[in-house]
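Residue-level listing of the chains:
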Amino acid sequence: MNSRIGRFAVAALATATATLGVTVANPSPAAAAMTICYNTSQAPSYASIANQAASIWNDATTNLTLTANCGTNLRIYQITGGGSYAQRTSLGNGRVYIDTQQAAQYSPLRIMTHEIGHILGLPDNYNGNCAILMSGGSAGTSCTNPYPSTTEANRVSSLFAGTLSATERSSGTGSQVFRDSWPALLTVG
Ligand SMILES: [Zn+2]
């Protein structure tokens with residue numbers, strides 16, 4: 001009788017342990033984070049700015065990590081004239097162009113985080129609100145805010161988590177070029 005109780009106790013303990021093991025081993029959700037390797041070899045003047053922008057996005061979002069010079073998901077270029085813009089090929093992949101002339105007028109860090117925002121799935125939102133990163137140059141040259149709003153950051157996290165509907169997801173992940181985010185200033189005289 002004692003051995004029968006003993007066997008029961010051992011079996012019960014094993015069941016409890018197995019249940020606990022499953023719970024610990026499978027935290028949910030189990031989304032795999034995407035590593036976005038960015039390369040600044042073609043934007044030597046803005047490598048430090050790109051690193052700051054990467055940290056801002058990494059701190060504000062989940063399910064993705066921007067990492068410097070481990071590959072070429074995102075190539076960053078510096079150009080002179082023509083305007084800063086982003087060319088997304090797919091979510092987390094593409095090219096960002098920083099216009100050195102615009103970066104002398106607008107905050108270069110805000111330009112960088114904004115343009116990377118396009119690569120991360122965000123559209124423009126020219127509402128003039130400096131608290132909105134994707135308002136870009138519509139907030140004026142005095143706006144230096146480089147941080148995405150909570151809504152913007154959560155949108156990116158959701159896109160990378162793959163939890164949005166196919167329709168919502170397709171609007172943020174397709175191939176698209178985003179230009180004219182930083183209006184040229186009126187020249188005097
Ligand atoms: Zn833009």
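Our subject is the structure that appears above.
Residues numbered from 1 in each chain as written. Predicted model: local features only at pLDDT ≥ 70, side-chain atom pairs only at ≥ 80, totals over all residues. Heavy atoms only, no water.

**Regarding the pairing of strand β4 (residues 85–90)**
Rules: A pair of strands counts as paired when DSSP detects no fewer than two bridges linking them. A helix here means a DSSP run of H or I that spans at least four residues, while a strand means a run of E at least two residues long, and both kinds are numbered starting from the N terminus.
Pairing between β4 and strand β5 (residues 93–99): five bridges, direction antiparallel. Looking across to β5, one finds that Gln-87 is bridged to Arg-95. The antiparallel hairpin formed by β4 and β5 contains two residues in its connecting segment, where Gly-92 sits at a positive phi of about 85°. In the sheet, β4 pairs with strand β6 (residues 176–178) via three bridges, with the strands oriented antiparallel. The residue of β6 that forms the bridge with Ala-86 is Phe-178.

**Quick notes on the coordination of the zinc ion**
As a reminder, the rule being used: Here a donor is any nitrogen, oxygen or sulfur atom (N, O, S) within 2.8 Å of the metal, with 3.2 Å used for Na, K and Ca; water is not among the atoms considered, so some sites may look incomplete. Four donors are marked tetrahedral only if all angles between them lie between 85 and 135 degrees, whereas four are marked square planar and six octahedral if opposite donors are more than 155 degrees apart and the other angles lie between 65 and 115; the remainder are marked irregular.
Around the zinc ion, the protein contributes the donor atoms His-114 (NE2), His-118 (NE2), Asp-124 (OD) and Ser-181 (OG), which lie 2.0 to 2.1 Å from the metal centre. Here the zinc ion is ringed by four donor atoms whose angles at the metal span 94 to 147°, and the overall shape comes out irregular. Read N to C, the donor residues that coordinate the zinc ion are spaced as H-x3-H-x5-D-x56-S. Of the two residues, His-114 is situated in helix α4 (residues 108–119) and Asp-124 in the loop between α4 and α5 (150–161); the sequence distance between them amounts to 10 residues.

**Concerning the nonpolar core**
The condition is simple: The nonpolar core is taken to be a set of buried Ala, Val, Leu, Ile, Met, Phe, Trp, Tyr and Cys residues, with the residues joined through side-chain atoms within 4.5 Å. When accessible area is computed with a 1.4 Å probe and restricted to protein chains, residues below 20% of their type maximum are described as buried, those above 50% as exposed, and intermediate ones as partly exposed. When checking whether two residues touch, look at their non-hydrogen atoms; a contact exists if any pair is within 4.5 Å.
Counting 34 residues, the largest nonpolar core has Leu-66, Leu-74, Ile-76, Val-96, Met-112, Ile-116 and Leu-120 as its most contacted members. Excluding residues within four positions of it along the chain, Val-96 makes contact with Leu-74, Arg-75, Ile-76, Tyr-77, Tyr-85, Ala-86, Met-112, Glu-115, Ile-116 and Ile-119.

**Details of the sheet that holds strand β2 (residues 64–68)**
Strands belonging to one sheet form pairs held by backbone hydrogen bonds; the direction of such a pair is parallel or antiparallel. Short version of the rule: All axes are obtained by fitting lines to C-alpha atoms, using only the stretch in contact for helices, and the reported angles, taken between N-to-C directions, cover 0 to 180 degrees.
Here six strands make up an open sheet; going across it, the order is β2-β1-β3-β5-β4-β6 and the pairing mixed. Edge positions in the sheet fall to β2 and β6, since each of these pairs with one other strand and no more. Going from strand to strand, the sheet's axes swing by 20° on average, the running direction of each strand aside. One ladder, built from six bridges, connects strand β3 (residues 74–79) with β5; its direction is parallel.

**Examining the state of the cysteines**
Using the following cut-off: Put simply, a disulfide is two cysteine sulfurs that come within 2.5 Å.
By the definition in use, this model includes two disulfides. Disulfide partner of Cys-37: Cys-70, at an S-S distance of 1.9 Å. Of note, the bridge from Cys-37 to Cys-70 carries an S-S torsion of about -100° and is left-handed in sense. Of this pair, Cys-37 sits in strand β1 (residues 34–42) while Cys-70 sits in the loop between β2 and β3, placing them 33 residues apart in sequence. For Cys-37, a relative accessible area of 8% gives the class buried.

**Observations concerning the packing of helix α2 (residues 47–60) against α4**
Put simply, the rule is: The labels follow the angle: roughly parallel below 35 degrees, roughly antiparallel above 145, roughly perpendicular from 65 to 115, and oblique for the rest. Here a crossing is called left-handed whenever its near helix is offset anticlockwise from the far helix by less than a right angle, and right-handed whenever the offset is clockwise. Amino acids outside the nonpolar list (Ala, Val, Leu, Ile, Met, Phe, Trp, Tyr, Cys, Pro) and the charged list (Asp, Glu, Lys, Arg) are all regarded as polar, and Gly is one of them.
Direction vectors running N to C along α2 and α4 enclose 55°, while the axes themselves pass 9 Å from each other. It follows from the interaxial angle that α2 and α4 lie oblique. In the packing of α2 onto α4, the handedness of the crossing is right-handed. Of the residues in α4, those in contact with Ile-49, Ala-50, Gln-52, Ala-53, Ile-56 and Trp-57 of α2 are Pro-108, Leu-109, Met-112, Thr-113, Ile-116 and Gly-117. When its residues are assigned to classes, the contact of α2 with α4 shows nine nonpolar, three polar and no charged.

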